[in-house]
Amino acid sequence: SHLSRGKKFLWYTVILCIVLFMSSASMIKDKFLGAPFIRSDLRLPEQGILLKRPKLIRMMGEKLSAGEDSIKSLALVGVGGSGKTILARYYAKEYGYSVTWEINAETKETMIASFEDLAYALSATEEEREFLKGLRAGNTLEERESRILDFVKKHLKKYPSWMLIYDNVEHYSDIRSCFPRDATVWGKGQVIVTTQDETISSIQPVLRIQELTKEEKIDLFKKITKYSNSSFSPLSKLESFLESIPSYPLDVWVAASYITATGISYEKY
């Protein structure tokens, strides 16, 4: 039977709405999801030897999603070799931000160089790249820093999500001038700071990275050495050996790698 004019009109309206929705979704995808991700070299150990620390990753997510601030920050605090940088990189990769960039915050010079690299990655035209090249001539370090930061802020605001990792921060005062606080200037995003400064208070919340558990030490050692009872001494001897070295990823990594490469015994190591 033929549809009445009213029913036909209703169906046309529904179809038109679906078409418009799909078109809008496609435009959004092309603008954001379809655009290439901008990411610095976030190197991680190979999957086979990567110690995944899901509890810490979950805690990082909870802390970075809490509150109403448009720019959310988190400080990972721990001794050298505790795995702060790996955790920050792994978290950033897992969550897939539109822009993810690691800032080497060891010195003022390395920090500005990192922001300059980010500026080049964000530049869309040859004219913008020529502008950035021109900043190297006739400008003091402070002037370069100011203009590069202005460029980065302007471009980051165009993206729906971004993550900046400030790695190896000694004191907050060292990064204050380059640290995102105002979303009207930087846009909405998230920041992770890795530091050994136990007294840091200007960046909240703080997540202190503790020693590895006994199980994590054994797991990491086994991953690196491809341990099996048939090729190594009994598990009880491994457990005893691991009790004698510091309970941090770097220490376990060094021991496992050296023993694997040299075949030296636990006792001699």
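Rules and cut-offs
Residues numbered from 1 in each chain as written. Predicted model: local features only at pLDDT ≥ 70, side-chain atom pairs only at ≥ 80, totals over all residues. Heavy atoms only, no water. Helix = DSSP H or I, 4+ residues; strand = E, 2+ residues; numbered from the N terminus. Buried < 20%, exposed > 50% of the residue type's maximum accessible area, 1.4 Å probe, protein only. Contact = heavy atoms within 4.5 Å. Axes fitted to C-alpha atoms, helices over the stretch in contact; angles between N-to-C directions. Parallel < 35°, antiparallel > 145°, perpendicular 65-115°, else oblique. Left-handed = near helix turned anticlockwise from the far one by under 90°. Nonpolar A, V, L, I, M, F, W, Y, C, P; charged D, E, K, R; others polar. Patch = residues over 30% accessible without salt bridge, like charges linked within 9 Å, V, L, I, M, F, W, Y side chains within 5 Å. Areas by Shrake-Rupley, 256 points an atom, 1.4 Å probe, with all protein chains shown as cover. Salt bridge = Lys/Arg side-chain N within 4 Å of Asp/Glu carboxyl O. pLDDT = per-residue confidence, 0-100. Pairing = 2+ DSSP bridges. 1 Å grid on protein atoms, 1.4 Å probe; cavity = no way out; pocket = protein on both sides within 12 Å on 5 of 7 lines; lining within 4 Å. Points joined across faces, edges and corners; volume = space filled by probe spheres on them.

1. Here's the deal with unusual backbone geometry
In step 1: The amide bond that connects Gln204 to the next residue, Pro205, takes the cis arrangement and shows omega of 0 degrees.
In step 2: Within the fold, Pro205 resides in the loop between strand E5 (189-195) and strand E6 (206-208).
In step 3: Residues other than glycine seldom take positive phi values, yet Asn168 does so here, at roughly 60 degrees.
In step 4: Tracing the backbone shows Asn168 in strand E4 (residues 162-169).
In step 5: Since its relative accessible area comes to 35%, Asn168 is described here as partly exposed.

2. So, the environment of Leu164
In step 1: Mapped onto the elements of the fold, Leu164 is located in strand E4.
In step 2: Here the alpha-carbon distance between Leu164 and Ile103, two residues 61 residues apart in the chain, equals 7.0 Å.
In step 3: The contact partners of Leu164, leaving out residues within four places of it in the chain, are Trp101, Phe115, Leu118, Leu156, Pro180, Trp186, Gln190, Val191 and Ile192.

3. So, the packing of helix H2 (residues 54-65) against helix H3 (residues 84-95)
In step 1: Contact pair H2 / H3: the axes reach a minimum separation of 10 Å and the direction vectors enclose 70 degrees. Compared by their axis directions, H2 and H3 come out roughly perpendicular. The element H2 and its partner H3 pack so that their crossing is right-handed. Taking contact as the criterion, the partners of Leu56, Ile57, Met60, Gly61 and Leu64 in H2 are, on H3, Leu87, Ala88, Tyr90, Tyr91 and Tyr95.
In step 2: For the contact of H2 with H3, a count of residues per class yields nine nonpolar, one polar and no charged.

4. A short note on a nonpolar patch on the surface
In step 1: Taken together, the side chains of Leu250, Trp253, Val254, Tyr258 and Tyr269 present a nonpolar region at the surface, about 470 Å² in accessible area.
In step 2: Inspection of the secondary structure assignment puts Trp253 in helix H10 (residues 249-262).
In step 3: Residue classification places Trp253 among the partly exposed positions, given a relative accessible area of 33%.

5. Here we look at the confidence of the model for the chain
In step 1: Here the chain shows a mean pLDDT of 85. Residues at 70 or above account for 84%.
In step 2: Model confidence for the chain, summarised as mean pLDDT per element, is weakest for helix H1 (residues 5-33) at 40 and strongest for strand E3 (residues 99-104) at 98.
In step 3: Within the model, the stretch residues 5-35 combines pLDDT values under 50 with eight contacts to residues more than four positions away or in other chains.

6. Section: the sheet that holds strand E2 (residues 71-77)
In step 1: Read from one edge of the open sheet, six strands run E1-E3-E4-E5-E2-E6, paired in parallel fashion. Single-partner strands in this sheet number two, and they are strand E1 (38-39) and E6.
In step 2: Sheet strands in contact with H3 are E1, E2, E3, E4 and E5, and its direction is about 165 degrees off that of E5.

7. Regarding the layout of surface pockets
In step 1: Approximately 430 Å³ is the volume found for the largest pocket.
In step 2: Around the largest pocket sit 21 residues that line it, and Gly81, Gly83, Ile86, Pro249 and Leu250 are the ones nearest its centre.
In step 3: Going through the elements one at a time, H3, E4 and H10 are the ones with two or more residues in the lining of the largest pocket.
In step 4: Ranked by residues supplied to the lining of the largest pocket, first place goes to H3 with four residues.
In step 5: Split by residue class, the lining of the largest pocket holds eleven nonpolar, seven polar and three charged.

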